[in-house]
Structures are given as structure tokens and as C-alpha cells.
Amino acid sequence: MIGTDIDKAAEYLKNGELVAIPTETVYGLAANAFDTQAVTKIFKAKNRPFFDPLIVHTHSIDTVHQWVENIPPQAIELANIFWPGPLTLVLRKKDTISDLVTAGNPTVAVRVPNHPLTLQLLSQLDFPLAAPSANPFGYVSPTTAQHVSDQLGDKIPYILEGGPSKVGIESTIISFAGPVPEILRLGGTSIEKIKQVIGDMEVNINQHSNPQAPGQTDSHYAPHARFVLGRVEDANVPVDNLVYTGAITFSRHIQLLAQENQMRLSENEDLDEAASNIFAAMRLLDKKGMKVIYAELMPDTGLGRAINDRLRRAAHIK
Ligand code: TXA
Ligand code: MG
């Protein structure tokens, strides 16, 4: 069921049930992070392998101290500036966080999401919420309640409706587990902005503390259609196939294709707007029955980098 009742969402969560929650990045599939049975339900509903760890969501940095050994000064600086917001910190964990949530890693990923309904929900609960993106494993992340309902509606008792996700791309993940800060996933907080606060850092988006973790593999974020990087004009598509051919561009109009087969992510070439549209565009082209989607890379700056990362993964290119 889709609804806006925070009390109802809280009741389900207290009873060990799953609730899909809106965030500014993408919708999450949430459970009580301290209830291993409830967390197990997340993996089952998504068909997610247990070796892929979950992000723990809370309403304030103050609670984070209860679960992690210490928060390095640079991590505190980032949290003060970017929370609530699209940034996830990976920190060395205490035993209060179960191995199920962290997939056996000695670290835990934490984030304060920037969505009024979810912040209110989190502050009403006396436990944090473990939540991956609310999509079946391997598919594109959902940015509306309807996206969640389309694919997981029969597996979740309640979907909290919070409107379309404003950022539209998952959080940036930065690890403080090693000697220097290391970006593990490009996302809704740009590298440029992070650099302004902590200076240089490592960017290691194809490496992982758990090398099997699929957030970092090339098969993630993929629509059902075959996904190809490049201009459709360069592909010599047979005329009969054009009706099943879709395209994603930054702002460019494509003469060759019907208007409804092409998704322009931002007419004004605004990368933040493009990020908020990318996953919905992939879903829409899938829904229209496209067999192949040609996607053009964005400028490689700001959120363009994170969008390009998702496009490359959808096309199985590292
Ligand atoms: O924006 C987001 O981060 C969304 C919303 C719902 O908060 N969540 C999200 O979760 O994207 P998920 O599970 O789809 O992606 C989480 C990523 C995974 O790639 C996982 O491997 C990584 O975070 N991760 C989680 N815990 C980690 C840890 N302890 N060390 C390294 N990576 C971790
Ligand atoms: Mg995900």
C-alpha cells in the first residue's frame, strides 16, 4: 500500500516489517537495523546476496557515536556540512551493529537522508533503519513511490509516499576505514564539493573492501533493454528497428527517432536536473518496450561524473 501516514510506517517498522521510505537520493527499502529477522527480509524482498552490506540511516550524527569506534575529524566536518544529504560515511563499527547489516565488514556505512517525512519517521523511532535502494537486485534504483510499487509492491506492506526524489541518484560513499579518505561510490554529493572541505582523497570506485559487493560491479543499475553508450546515428540501426530503439541524451534532439523514444535529461543542460531524471528515463524506456537504448555521456564534472558512472555500469563498461 502507498500512503503518507508516518505513524503507520513507524508501526510496521516497530513490528519488524519492511517499509519503503522516500529519500532525496532514491527510495530505500527499510527495516529496523537492530532486528536481524527484519533485516533478513530486505535481502529476501530484493533478492540481494548477503555479501552486499547495507547503509544505516539515522536522523542525527549524535546517534552515530553509539555504533562506531570513532568519527575522524574530517568525517565530522563532512557530516556537519552535508548532512542531512546525499553522503554516506563508512566508519569502523562497534558490536552494536550486526554482521548481517555490514556483510561481515568491520565497518558500517551511515547516512542522514534529507527528506522531511523520513527525518520525522527516523526521529520517532528508537532504532536506525537499514535500507538499500528499493529495487530488485541489479535493476535501476526507484525515484518515486510508484517505481517501488511496480516492482516490489506485493512484497512490502507499506510504501511511504514522499514525492519524486529530488537528487535522483544514490549517495556518494566515502570510507574513513583506511589511512586516507577514499571515495567508494560517486553519487549525489560531487567530488568537487567534498574536496573543498577535506582536500584530496582517493577515488576507488571499482575497488571495494568486499570485492564481491555488487554496488561496485558492472552489472548494477541496468535496465532490461540492451544498453549501449554512444549516438544512435552512429549505430546504423535498421529502419524497422527504430520503433524499438530508445535514446538518452543530455539536451540534444534526435531527428532519427520518434519524440517519445528519446529522453533529454535536461533541456537547460543542468547536471543536477539530469541526475534527477536519469533513472526515471531508463525505467520509462523499458516500460515502452524498447529493445535497445543508446545513451550519451554527460560532461564529466559535478554530478555528471556520477551519472556517467551509472551509464557505464548499465552498459557493462567499467
Ligand atoms: O542514496 C543511497 O545511498 C540510497 C538511499 C536509500 O539511502 N541507498 C543505497 O543503498 O543506494 P544500496 O544498498 O543500494 O547501496 C549501498 C552501497 C552498496 O554498494 C554497498 O556495497 C555499500 O553501499 N556499502 C554498504 N556498507 C558498506 C561498508 N561497510 N563498506 C563499504 N561499502 C558499503
Ligand atoms: Mg542499490
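Note: the structure precedes this text.
A brief structural summary. All values derive from a computational prediction rather than experimental measurement.

Our next topic: the pairing of strand 13 (residues 245-249). Among the five residues of strand 13, five are classified as buried, and the element is accordingly described as predominantly covered. Here strand 13 shows two buried faces, one formed by Thr245, Ala247 and Thr249 and the other by Gly246 and Ile248. In terms of strand pairing, strand 13 meets strand 15 (residues 292-295) through four bridges, oriented parallel. Bridging from a neighbouring strand, isoleucine 248 pairs with alanine 295 of strand 15. Where strand 13 meets strand 14 (residues 262-264), three bridges bridge the pair, whose relative direction is parallel. Within strand 14, the residue paired with threonine 249 across the bridge is arginine 264.

Tracing the backbone shows serine 251 in the loop between strand 13 and strand 14. A residue is classified by how much of its surface remains accessible, and serine 251, at 16% relative accessible area, is buried. Of note is the side chain of serine 251, whose polar atom sits 2.4 Å from the side chain of glutamate 269. Sequence-distant contacts of serine 251, defined by excluding residues within four places in its chain, comprise Arg264, Ser266, Glu267 and Glu269.

Around ligand 1 lies a shell of 26 residues, among which Thr25, Asp52, His57, Ser171 and Arg185 are the nearest. In this structure, threonine 25 approaches ligand 1 through a side-chain N or O atom, which is 2.7 Å from an oxygen atom. With respect to ligand 1, the side chain of aspartate 52 contributes an N or O atom lying 2.9 Å from an oxygen atom. For ligand 1, whose free accessible area comes to 680 Å², the fraction covered by protein is 99%. Broken down by element, the residue count for the shell around ligand 1 peaks at four residues, all from strand 6 (residues 107-111). Within the shell around ligand 1, the residues separate by chemical class into eleven nonpolar, ten polar and five charged.

All right, on to helix 10 (residues 303-314) then. Look at helix 10: 17 Å from first C-alpha to last across twelve residues, which is about the 16 Å you get at 1.5 Å a residue. Taken together, the buried positions of helix 10 are Leu303, Gly304, Ala306, Ile307, Asn308, Asp309, Arg310, Leu311, Arg313 and Ala314. Immediately beyond the C-terminal end of helix 10, within one or two residues, lies histidine 316, with a positive phi of roughly 60 degrees.

As a further point, take the nonpolar core. Formed by 79 residues in total, the largest nonpolar core has its most connected members in Leu78, Leu89, Ile174 and Ile248. The element that contributes the greatest number of residues to this core is helix 9 (residues 271-287), accounting for eight residues. Leu13, Val19, Ala30 and Ala131 belong to the second-largest nonpolar core, a separate cluster that totals 16 residues.

Looking now at the pattern of salt bridges. With the rule as written, the count across this model stands at 14 salt bridges. Measuring nitrogen to oxygen at the nearest pair gives 3.0 Å for the salt bridge that ties arginine 252 to glutamate 233. Of this pair, arginine 252 sits in the loop between strand 13 and strand 14 while glutamate 233 sits in the loop between strand 12 (226-229) and strand 13, and the two are 19 residues apart along the sequence. Exposure remark for arginine 252: the relative accessible area of 23% places this residue in the partly exposed category. Here glutamate 233 falls in the partly exposed class, since its relative accessible area comes to 32%. Across the pair arginine 264 and glutamate 267 runs a salt bridge whose closest N-O atoms are separated by 3.1 Å. Here the residues in one salt-bridge network are Glu170, Asp309, Arg310 and Arg313, joined through shared partners.

The next thing to look at is unusual backbone geometry. With omega at -10 degrees, the peptide bond leading from tryptophan 83 into proline 84 counts as cis. Looking at the secondary structure, you find proline 84 in the loop between helix 4 (73-82) and strand 5 (87-92). Despite not being glycine, asparagine 236 has its phi angle at roughly 50 degrees, a positive value. Along the chain, asparagine 236 turns up in the loop between strand 12 and strand 13. By relative accessible area, asparagine 236 is classed as exposed at 71%. In this structure, glutamate 269 is a non-glycine residue whose phi angle is positive, near 55 degrees. The topology assignment puts glutamate 269 in the loop between strand 14 and helix 9. Of the residues examined, glutamate 269 reaches a relative accessible area of 47% and is grouped as partly exposed.

Parameters at a glance
Residues numbered from 1 in each chain as written. Chains lettered and ligands numbered in written order. Predicted model: local features only at pLDDT ≥ 70, side-chain atom pairs only at ≥ 80, totals over all residues. Heavy atoms only, no water. Buried < 20%, exposed > 50% of the residue type's maximum accessible area, 1.4 Å probe, protein only. Helix = DSSP H or I, 4+ residues; strand = E, 2+ residues; numbered from the N terminus. Pairing = 2+ DSSP bridges. Polar contact = N/O pair within 3.5 Å; in protein donor to acceptor, adjacent residues only side chain to side chain. Contact = heavy atoms within 4.5 Å. Near = heavy atom within 4 Å. Areas by Shrake-Rupley, 256 points an atom, 1.4 Å probe, with all protein chains shown as cover. Nonpolar A, V, L, I, M, F, W, Y, C, P; charged D, E, K, R; others polar. Expected span 1.5 Å × (residues − 1). Core = buried A, V, L, I, M, F, W, Y, C linked by side-chain atoms within 4.5 Å. Salt bridge = Lys/Arg side-chain N within 4 Å of Asp/Glu carboxyl O.

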